[in-house]
Amino acid sequence: MNPLRRNKIAASCAVVLAASLAACSTSDAATSTPSTAPATTTHRVVNAEHEVVFHVTDGKLPALVLDAGGGLSSSYWKDLAPRLAQATGSKVITYDRAGEGESDEVSGPWRVELAVSDLEAGLKQLGVTDDVVLVSHSIAGEVATKFVTEHPGWVSGAVLVDANVPDFFTDEMLTAFAPAVEEQKAALHAQPSTKKNRQLLSVMADYAPVHRAFHRLAWPQDVPVTAIVASQTPFTDSPAAAQLWRDAQARFAQAAPNRRHVVAENASHEGIVTEQPDVIAGAVEEMLKTVR
């Protein structure tokens with residue numbers, strides 16, 4: 001990457017957080033769920049001395065596990081989750097990762113290994129130890145990738161919703177991001193210390209080494225996956241970075257014959273779930289046809 005291009009990419013502070021933290025300025029979905037929605041139960045799971053909150057709509061397998069981006073809680077799926085439960089008859093699980101929503105905060109830098117441990121503990125307590133379809137948005141793509149590589153046979157398929165994929169986080173990109181990460185950290189430190197801001201800061205604490213490790217991961221060839229890409233990438237202020245994001249998503253989808261690449265037109269990274277729910281629901285239903 002030449003220095004001029006790198007400087008253009010690094011110039012947008014919002015770029016860095018949008019790429020891995022998913023809509024830190026976007027509120028959770030606010031519209032009401034249908035009155036006919038199936039009943040949902042809440043489960044509080046203790047793992048490594050902290051509590052993680054899961055919400056379950058009962059149904060058949062495969063179970064759909066919906067995981068929102070950074071700074072967002074399970075309520076991000078409040079309209080799509082009941083829709084999927086009704087349309088597919090599947091068990092639908094949403095949850096708040098540690099530090100988000102109703103779940104406890106965990107001190108120290110964010111680690112994908114800890115997020116995977118929380119998800120594993122929750123699914124085990126819920127009795128869902130195989131036949132899972134992951135539906136993962138933004139940074140939750142990192143959780144999905146780590147989970148599927150460490151738990152062969154547990155995940156039947158996945159739908160990645162404008163999610164982080166390993167291909168994108170090259171050394172060149174992380175070097176370009178470094179100044180913007182520091183600017184974002186300073187801006188968040190200057191704001192009130194809210195739960196949301198603390199969670200975003202924890203993700204940025206070791207941003208480069210965490211994402212270098214993520215870059216080395218590879219999605220298993222035998223697990224089908226659909227990569228949905230928003231037409232408006234996280235990089236609204238950097239056309240160069242936006243193209244690199246699109247290219248990485250396309251490479252990921254083309255790496256195996258059981259992968260699909262879907263572009264969600266007129267959708268942003270932050271709002272894709274509410275702006276194009278039909279695209280996501282359609283991709284989930286197609287994935288269920290593949291794995292059932």
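Anything mentioned here points back to the structure above.
Since the model is a prediction, treat every value here as computed from it, not as a measurement.

A. Region of interest: helix H8 (residues 207-215). Listing the buried residues of H8 in full gives Tyr207, Val210, His211 and Phe214. On an axial view of H8, the arc spanned by its buried residues comes to 90°, and they lie on one face.

B. Broad picture of the nonpolar core. Counting 56 residues, the largest nonpolar core has Ile93, Leu123, Phe168 and Phe177 as the members making the most contacts within it. If you look at the next biggest cluster of nonpolar residues, it comprises 28 residues, including Trp77, Leu84, Val133 and Ile228.

C. Focus on the environment of Val45. For Val45, the position within the fold is in strand E1 (residues 40-47). Its relative accessible area of 2% is what places Val45 among the buried residues. With residues near it in sequence (within four places) discarded, Val45 still touches His50, Glu51, Val52, Phe54, Ala121, Gly122 and Gln125.

D. Layout of the pattern of salt bridges. The tally for this structure, following the rule as stated, stands at 13 salt bridges. Across the salt bridge formed by Glu51 and Arg44, the nearest N and O atoms sit 3.4 Å from each other. Between Arg83 and Asp278 there is a salt bridge, with the nearest N and O atoms lying 2.8 Å from each other. Pair noted here: Arg83 is in helix H3 (residues 80-88) and Asp278 is in helix H11 (residues 277-291), with a separation of 195 residues, a long-range link. Arg83 gets classed as partly exposed once you look at its relative accessible area, which sits at 31%.

E. Up close: the packing of H3 against H11. In the contact formed by H3 and H11, the axes pass within 11 Å of each other and the chain directions differ by 40°. Overall, the two elements H3 and H11 adopt an arrangement that is oblique. Where H3 crosses over H11, the two elements pack in a sense that is right-handed. Contact with H3, carried on its side by Leu80, Arg83, Leu84, Ala87 and Thr88, involves Pro277, Asp278, Ile280, Ala281, Val284, Glu285 and Leu288 of H11 and no other residues of that element. Per-class residue counts for the contact of H3 with H11 are eight nonpolar, one polar and three charged.

F. Broad picture of the pairing of strand E8 (residues 259-268). Here strand E7 (residues 225-232) pairs with E8 via seven bridges, running parallel. Considered in E8, the bridge of Val229 is made with Val263. For the segment spanning E7, helix H9 (residues 239-254) and E8, crossover handedness is right-handed.

G. Local environment of empty space enclosed by the protein. In the structure shown here, the tally under the stated rule is one cavity of 30 Å³ or more. Taken together, Val65, Asp67, Tyr95, Leu119, Leu134, Ser136, Ala140, Val143 and Ala144 make up the lining of the largest cavity. When residues of the lining of the largest cavity are traced back to their parent elements, those giving at least two are strand E3 (60-67), strand E5 (132-137) and helix H5 (140-150). Per-element tally for the lining of the largest cavity: the top contributor is H5, with three residues. Its residues placed into classes, the lining of the largest cavity shows seven nonpolar, one polar and one charged.

H. Fine view of the sheet that holds E5. With respect to topology, eight strands assemble into an open sheet ordered E1-E2-E4-E3-E5-E6-E7-E8, the strand pairing being mixed. The outermost strands of the open sheet, each flanked by one partner alone, are E1 and E8. Strand-to-strand twist of the sheet, defined as the mean angle between neighbouring strand axes without regard to direction, takes the value 20°. Where E5 and strand E6 (residues 155-161) come together, six bridges link them in parallel fashion. Across the sheet, Val132 pairs through a bridge with Val155, a residue of E6.

Scoring rules and cut-offs
Residues numbered from 1 in each chain as written. Predicted model: local features only at pLDDT ≥ 70, side-chain atom pairs only at ≥ 80, totals over all residues. Heavy atoms only, no water. Buried < 20%, exposed > 50% of the residue type's maximum accessible area, 1.4 Å probe, protein only. Helix = DSSP H or I, 4+ residues; strand = E, 2+ residues; numbered from the N terminus. Arc of directions from axis to C-beta. Core = buried A, V, L, I, M, F, W, Y, C linked by side-chain atoms within 4.5 Å. Contact = heavy atoms within 4.5 Å. Salt bridge = Lys/Arg side-chain N within 4 Å of Asp/Glu carboxyl O. Axes fitted to C-alpha atoms, helices over the stretch in contact; angles between N-to-C directions. Parallel < 35°, antiparallel > 145°, perpendicular 65-115°, else oblique. Left-handed = near helix turned anticlockwise from the far one by under 90°. Nonpolar A, V, L, I, M, F, W, Y, C, P; charged D, E, K, R; others polar. Pairing = 2+ DSSP bridges. Right-handed = clockwise from strand over helix to strand, strands pointing away. 1 Å grid on protein atoms, 1.4 Å probe; cavity = no way out; pocket = protein on both sides within 12 Å on 5 of 7 lines; lining within 4 Å. Points joined across faces, edges and corners; volume = space filled by probe spheres on them.

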